[in-house]
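# Summary of structural features
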Amino acid sequence: EEGEDLDTTEVTSNEENPYANMSYEEKLAFASIIAKPMASEKLTKRLSKLMKKAKRNKQLSCGVKDAVKQIAKKKSPGILVLAGDVSPVDSVSHVPLLCEEHNIPYCFVPSRFDLGASMSSNLNSLCVFVKPHEDYEDLYSKCHKSVD
């Protein structure tokens, strides 16, 4: 997909998810200082489920470039999920400001690896934009209410 080469890096089979066996609290230790609002453990799991359903319905935009395009140019409604452990943090620091300008709810999750895994991908992702769809309307509205 467009923009994936800049915004995600491939995890090879011998470089597995370093956070795989960590608890939610341990992952929070690696999150950036500006990663606020941070999703709770329950909301993180709910967002993960939402992203899987959105991917099946092709309502998911992966990567900073694609998410910014959906928000600023296409003015799409949705929820933005950012990884809290991005380094350097400057690569996503402008996105929350853009979300606030366009009234898009956003939140951070502790790990970019978990963000990639919830999209059923072997990539880690910095940023995911989830658009609404009637197939997962209830879950979307619960997440939207929690994030907003």
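Residues numbered from 1 in each chain as written. Predicted model: local features only at pLDDT ≥ 70, side-chain atom pairs only at ≥ 80, totals over all residues. Heavy atoms only, no water.

### A look at the overall build of the protein chain
The criterion, for reference: In this description a helix means any DSSP run of H or I spanning at least four residues, a strand means any run of E spanning at least two, and both kinds are numbered starting from the N terminus. It only takes one pair of heavy atoms within 4.5 Å for two residues to be counted as in contact. Under the convention used here, a 1.4 Å probe and the Shrake-Rupley method define accessible areas, while residue burial counts only the protein chains that appear.
Summing up its helical and strand segments, the protein chain has seven helices and six strands in all. Going from N to C terminus, the protein chain has its helices and strands arranged as α-β-α-α-β-α-β-α-β-α-β-β-α. Summarising the internal contacts of the protein chain: among those between residues at least 6 apart in sequence, 81% fall at separations of at least 24. Accessible area for the protein chain stands at about 8,100 Å²; split by element, carbon and sulfur atoms hold 50% of it.

### Concerning the packing of aromatic side chains
The following threshold applies: To pair, rings of Phe, Tyr and Trp, with the six-membered ring standing in for Trp, must have centres within 6.5 Å; the planes then decide the type, stacked if under 30 degrees apart, edge-to-face if over 60, and tilted in the middle. When accessible area is computed with a 1.4 Å probe and restricted to protein chains, residues below 20% of their type maximum are described as buried, those above 50% as exposed, and intermediate ones as partly exposed.
Applying the stated criterion across every chain, the model contains one aromatic pair. Where Y106 meets F108, the ring centres are 6.5 Å apart and the plane angle is 80 degrees; that geometry is what we call edge-to-face. The class of Y106 is buried, set by a relative accessible area of 12%. Relative accessible area serves as the criterion here: at 3%, F108 is assigned to the buried category.

### Some points on the packing of helix 3 (residues 41–56) against helix 7 (residues 137–147)
Stated formally: The convention used is that axes are lines fitted to C-alpha atoms, helices contributing only their stretch in contact, and that angles between N-to-C directions extend from 0 to 180 degrees. Roughly parallel refers to an angle under 35 degrees, roughly antiparallel to one over 145, roughly perpendicular to one between 65 and 115, and oblique to any angle outside these ranges. If you view the pair so one helix is near and one far, a crossing is left-handed when the near helix is turned anticlockwise from the far one by less than a right angle, and right-handed when it is turned clockwise. For this scheme, ten residues count as nonpolar: Ala, Val, Leu, Ile, Met, Phe, Trp, Tyr, Cys and Pro. Four count as charged, namely Asp, Glu, Lys and Arg, and the remainder, Gly too, count as polar.
At a minimum axis distance of 10 Å, the contact between helix 3 and helix 7 shows a crossing angle of 140 degrees. In terms of orientation, helix 3 and helix 7 fall into the oblique class. In this structure, the crossing between helix 3 and helix 7 has a hand that is left-handed. Facing helix 3, whose interface residues are L43, R46, L47, K49, L50 and K53, helix 7 presents L139, Y140, K142, C143, S146 and V147. Across the contact of helix 3 with helix 7, the residue classes tally to seven nonpolar, one polar and four charged.

### Thoughts on helix 7
The criterion, for reference: This arc describes the spread of directions from the helix axis toward the C-beta atoms.
Every buried residue of helix 7 is accounted for by L139, Y140, C143 and V147. Angular distribution of buried residues about the axis of helix 7 spans 100 degrees; they occupy a single face of the element. Residues of helix 7 that are exposed and angled more than 90 degrees away from the buried face: E137, D138 and K145. Buried-residue contacts for helix 7 involve helix 3, strand 3 (79–83), strand 4 (106–109) and strand 6 (127–130).

### Notes on the environment of I34
Turning to its location among the elements, I34 is positioned in the loop between helix 2 (24–28) and helix 3. Given the relative accessible area of 44%, I34 is considered partly exposed. Other than its neighbours up to four places away in sequence, I34 contacts V89, S93 and F108.

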